[in-house]
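Chain residues, written in single-letter form:
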Amino acid sequence: MCDSLDVCREKQQAANPGKQMLFGTKDTIAKLTNEYIQGFPRAAARARARTSTAVISLVRAHTHTAAQSAQQPRAEERSGEDRRLPRRPQSPATMSEIPKDSLKAILLELECHFTWNLLKEDIDLFDVEDTIGQQLEFLTTKSRLTLYNLLAYVKHLKGQNKDALECLKQAEEIIQREHSDKEEVRSLVTWGNYAWVYYHMDQLKEAQKYIDKVGNVCKKSSSPSNYKLECPEIDCEKGWALLKFGGKYHQKAKAAFEKALEAEPGNTHTHYSSDN
């Protein structure tokens, strides 16, 4: 044992100069003990604060990760549901996508100049066009509607489809002005010609539009045909068109007039107007 505390301290420091002395006076020990005791709560508080901060950060990170994990399955679930949902039915093909052959089958049902078998080799197109033009210019006649429809067909036979459309526009104006009481029925031949001209111009959507107009009138009139309506006005117009195309069509023209008179026996003046 050391003789005294001071001597022991000196010997220990000499033997271990880099280390603190492990013991001291009672006062020193008491002081150190008191500082340790007083410092412990503060250190503990700081430790608790650091622990709380770390815990809060950890909880927040865990919450964020959990939220992301929760959202991901829902997104995948929605994606799976989307894949399982039945596809919305596609809209019908646009009119421009309808094959011309399919559309032509409907056009052939219409009653108009294009379906009356009026062949251009049976007439002189320029002579007929000139005759119709003179009648439209010099005659005041109730048959101007018939003449414009026929002229539209002649223009088409000459390859002048845009001029044909202009003639049909004139025909429409006459119908609205002079035949408002039977506007839809009197429009059937004009609409049929419109459909055919647009068909030959490859404007199938426009052609379908006029086909639908004819179809709606036939439906309202309870016609047995979807695109054809039996009426004396159409038979009369057909008769005059056949007469304009020459002698070989006279018998067919006569049959058309007779059919019109059967439907309206007392309307001889209208059907056989000399202005035509």
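As named in an unreviewed UniProt entry, the protein chain is Interferon-induced protein with tetratricopeptide repeats 5, taken from Physeter macrocephalus. Checking UniProt for the protein chain, the heading Sequence similarities (unreviewed entry) contains the comment "Belongs to the IFIT family."

S.K.: Just to check I follow, could you spell out the packing of aromatic side chains for this structure?
M.R.: For the structure shown, the criterion picks out nine aromatic pairs. An angle of 85° between the planes, with centres 5.0 Å apart, marks the rings of Phe-114 and Tyr-153 as edge-to-face. Taken together, the positions of Phe-114 in the loop between helix H3 (100-107) and helix H4 (125-138) and Tyr-153 in helix H5 (residues 144-157) put the pair 39 residues apart, joining distant regions of the chain. Neither Phe-114 nor Tyr-153 differs from the other in exposure class; each is buried. Taken together, a centroid distance of 4.4 Å and an interplanar angle of 15° make the contact between Tyr-194 and Tyr-210 stacked. One end of the pair, Tyr-194, is in helix H7 (residues 183-200); the other, Tyr-210, is in helix H8 (residues 204-220), with 16 residues separating them in the sequence. Taking relative accessible area as the criterion, Tyr-194 reaches 5% and is therefore assigned buried. What makes Tyr-210 buried here is its relative accessible area of 8%. Each member of the aromatic cluster is reached from another via a ring pair, and the members are Phe-114, Tyr-153, Trp-196, Tyr-199, Phe-245 and Tyr-249.

S.K.: Sorry, what's going on with unusual backbone geometry here?
M.R.: Peptide bonds are mostly trans, and most non-glycine residues show a negative phi. Positive phi, close to 65°, is recorded for Asp-202, a residue that is not glycine. Within the secondary structure, Asp-202 sits in the loop between H7 and H8. Located in the positive-phi region is Ser-222, a residue other than glycine, with phi close to 55°. Relative to the helices and strands, Ser-222 resides in the loop between H8 and helix H9 (232-244).

S.K.: Got a minute to help me understand the pattern of salt bridges in this structure?
M.R.: If the charged atoms of two oppositely charged side chains come close together, the side chains can form a pair. What the rule picks out here adds up to eight salt bridges. Taking the shortest distance from any N to any O, the salt bridge between Asp-122 and Lys-248 comes out at 3.4 Å. With Asp-122 in the loop between H3 and H4 and Lys-248 in the loop between H9 and helix H10 (250-263), this residue pair connects regions lying 126 residues apart in the sequence. Classification of Asp-122 as partly exposed rests on a relative accessible area of 26%. The class for Lys-248 is exposed, based on a relative accessible area of 58%. Between Glu-264 and Lys-182 there is a salt bridge, with its nearest N and O atoms 3.9 Å apart. One end of the pair, Glu-264, is in the loop between H10 and helix H11 (268-271); the other, Lys-182, is in the loop between helix H6 (161-178) and H7, with 82 residues separating them in the sequence.

S.K.: Explain the packing of H5 against H6 here, please?
M.R.: The relative placement of two packed helices comes down to the angle between their axes together with the axis-to-axis distance. Across the interface, H5 lies against H6 with an axial gap of 8 Å and an inter-helix angle of 170°. Judged by the inter-axis angle, H5 sits roughly antiparallel to H6. Counting all contacts with H5, which are made through Arg-144, Leu-145, Tyr-148, Asn-149, Leu-151, Ala-152, Lys-155 and His-156, the residues of H6 involved are Asn-161, Asp-163, Ala-164, Cys-167, Leu-168, Gln-170, Ala-171, Ile-174 and Ile-175. Of the residues that constitute the contact of H5 with H6, the class distribution is 10 nonpolar, four polar and three charged.

What counts, and where the lines are drawn
Residues numbered from 1 in each chain as written. Predicted model: local features only at pLDDT ≥ 70, side-chain atom pairs only at ≥ 80, totals over all residues. Heavy atoms only, no water. UniProt positions renumbered as here; feature names shortened; annotations may be inferred. Phe/Tyr/Trp six-rings, centres within 6.5 Å; stacked < 30°, edge-to-face > 60°. Helix = DSSP H or I, 4+ residues; strand = E, 2+ residues; numbered from the N terminus. Buried < 20%, exposed > 50% of the residue type's maximum accessible area, 1.4 Å probe, protein only. Salt bridge = Lys/Arg side-chain N within 4 Å of Asp/Glu carboxyl O. Axes fitted to C-alpha atoms, helices over the stretch in contact; angles between N-to-C directions. Parallel < 35°, antiparallel > 145°, perpendicular 65-115°, else oblique. Contact = heavy atoms within 4.5 Å. Nonpolar A, V, L, I, M, F, W, Y, C, P; charged D, E, K, R; others polar.

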